[in-house]
Amino acid sequence: MLASRGYGLSLMARSEGVNALAEELGGIGTTGSVAAAGDLASLVERTLAEYGRIDAVVNNTGHPAKGELLALDDAAWEQGFALVLQSVVRMARLVTPVFLRQGGGAIVNISSLWAVEPSLDAPVSSTLRASLSSFTKLYADRFGADRIRMNCVLAGFVDTYPVPEKFEKAIPMRRVAKPEDIAGVVAFLLSPEAGYITGQSVRADGGLTRGF
């Protein structure tokens, strides 16, 4: 969706398939992990070398380890921290100086509805995605005057992975999201039309969460 709107893309994923996808979309691909500080730095350096600027960042990771609340060991919590929260903090450190030089920029963190309605099925993710929303608000407070924005998208269940029927039935829209449902929200939050929106955690969950 971003490619169709004129963005020059720089993609990173652990899978080698990211290179073929980037080529298909007319961008560049890098194999690496968001949990590795060196990989993030290389991604930013390569992007600047290719395009000369960075206008927007989308942070997206999978879910960390799941398990019984107190049975999860330190390694599971530390891996989750590196994946969900530390990766966003590190990326912010890398791109904020670029945004400041350019006079603005936007970051969107794809998060989860568990940030507002934590689930015992995913205690690490629930805890850290709530922390991600807090960091997002703090970042927005700090850099809003510099025309730099950061928001979260609290995604619900998406059809890129199996969703138990009980969850699908609980969604008021009676369907799980398609990738383009989430992509549309991300594209909007990066766009000038969302230029007065920052520090927010926007729910894209088909109405599943109950809180206001």
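Residues numbered from 1 in each chain as written. Predicted model: local features only at pLDDT ≥ 70, side-chain atom pairs only at ≥ 80, totals over all residues. Heavy atoms only, no water.

### Regarding helix α6 (residues 179-190)
Inclusion rule: The helix count covers DSSP runs of H or I at least four residues long, the strand count covers runs of E at least two residues long, and both are numbered beginning at the N terminus. One less than the number of residues in a helix, times 1.5 Å, gives the span that helix is expected to have. Every residue pair with non-hydrogen atoms within 4.5 Å of one another is taken to be in contact.
In this model α6 runs 17 Å from its N-terminal to its C-terminal C-alpha over twelve residues, within 8% of the 16 Å that 1.5 Å per residue would give. Where α6 is buried, its residues meet β3 (56-60), β4 (105-112), β5 (148-155) and β6 (201-204).

### Details of the packing of helix α3 (residues 74-102) against helix α4 (residues 123-143)
Here is the rule we go by: The convention used is that axes are lines fitted to C-alpha atoms, helices contributing only their stretch in contact, and that angles between N-to-C directions extend from 0 to 180 degrees. We call two directions roughly parallel when the angle between them is under 35 degrees, roughly antiparallel when it is over 145, roughly perpendicular when it lies between 65 and 115, and oblique otherwise. Here a crossing is taken to be left-handed if its near helix is turned anticlockwise relative to the far helix by less than a right angle, and right-handed if that turn runs clockwise.
One can describe the packing of α3 onto α4 by two numbers: an axis separation of 9 Å at closest approach and a directional angle of 20 degrees. What the angle tells us is that α3 and α4 run roughly parallel. Crossing angle aside, the handedness with which α3 passes α4 is right-handed. Residues A76, W77, G80, F81, V84, L85, V88, V89, A92, T96 and F99 of α3 touch α4, and the partners they reach there are P123, V124, T127, L128, R129, S131, L132, F135, Y139 and F143.

### Considerations on a nonpolar patch on the surface
Under the convention used in this document: Patches here: salt-bridge-free residues with over 30% relative accessible area, like charges joined within 9 Å, nonpolar side chains (Val, Leu, Ile, Met, Phe, Trp, Tyr) joined within 5 Å. Note on areas: Shrake-Rupley with a 1.4 Å probe; residue coverage comes only from the protein chains shown. Here, a salt bridge means any Lys or Arg side-chain nitrogen found within 4 Å of an Asp or Glu carboxyl oxygen. Note on exposure labels: buried denotes an accessible area under 20% of the residue type's maximum, exposed denotes more than 50%, and partly exposed covers the range between, all computed with a 1.4 Å probe on protein chains only.
Taken together, the side chains of L69, L70 and L120 present a nonpolar region at the surface, about 370 Å² in accessible area. By relative accessible area, L120 is classed as exposed at 67%.

### Topic: the pairing of β4
Applied cut-off: Strand pairing is assigned whenever DSSP identifies at least 2 bridges connecting the two strands.
In terms of burial, β4 is largely enclosed, as eight of its eight residues are buried. Residues G105, I107, N109 and S111 line one face of β4 and the alternating positions A106, V108, I110 and S112 line the opposite face, and both faces are buried. Of the strand pairs in this sheet, β3 and β4 are connected by five bridges, and their pairing is parallel. Bridge pairing in β4 links V58 to V108.

### A closer look at helix α2 (residues 37-51)
Applied cut-off: Here, the arc refers to the directions that run from the helix axis to the C-beta atoms.
In a regular helix each residue adds 1.5 Å, so 15 residues correspond to 21 Å; α2 covers 21 Å between its end C-alpha atoms and thus fits that length. Inspection of α2 places L40, L43, V44 and T47 among the buried residues, and these make up the whole buried set. Around the axis of α2, the buried residues are gathered within 90 degrees of arc, so they sit on the same side. More than 90 degrees from the buried face of α2, the exposed residues found are E45 and A49.

### Digging into the layout of surface pockets
Just so we agree on the cut-off: Every definition here rests on a 1 Å grid over the protein atoms only: cavities are sets of points where a 1.4 Å probe fits but cannot get out, pockets are open sets enclosed by protein on both sides within 12 Å along at least five of seven lines, and lining residues have some atom within 4 Å of a point. Grid points are joined across faces, edges and corners, and a volume is the space filled by probe spheres set on the points. Residue polarity follows a fixed list, in which Ala, Val, Leu, Ile, Met, Phe, Trp, Tyr, Cys and Pro are nonpolar, Asp, Glu, Lys and Arg are charged, and the others, Gly among them, are polar.
Estimates place the volume of the second largest pocket at around 330 Å³. Lining the second largest pocket are 17 residues; nearest its centre among them are G105, A106, R147, R149 and G195. Here the residues of the lining of the second largest pocket are counted per class, giving seven nonpolar, seven polar and three charged.

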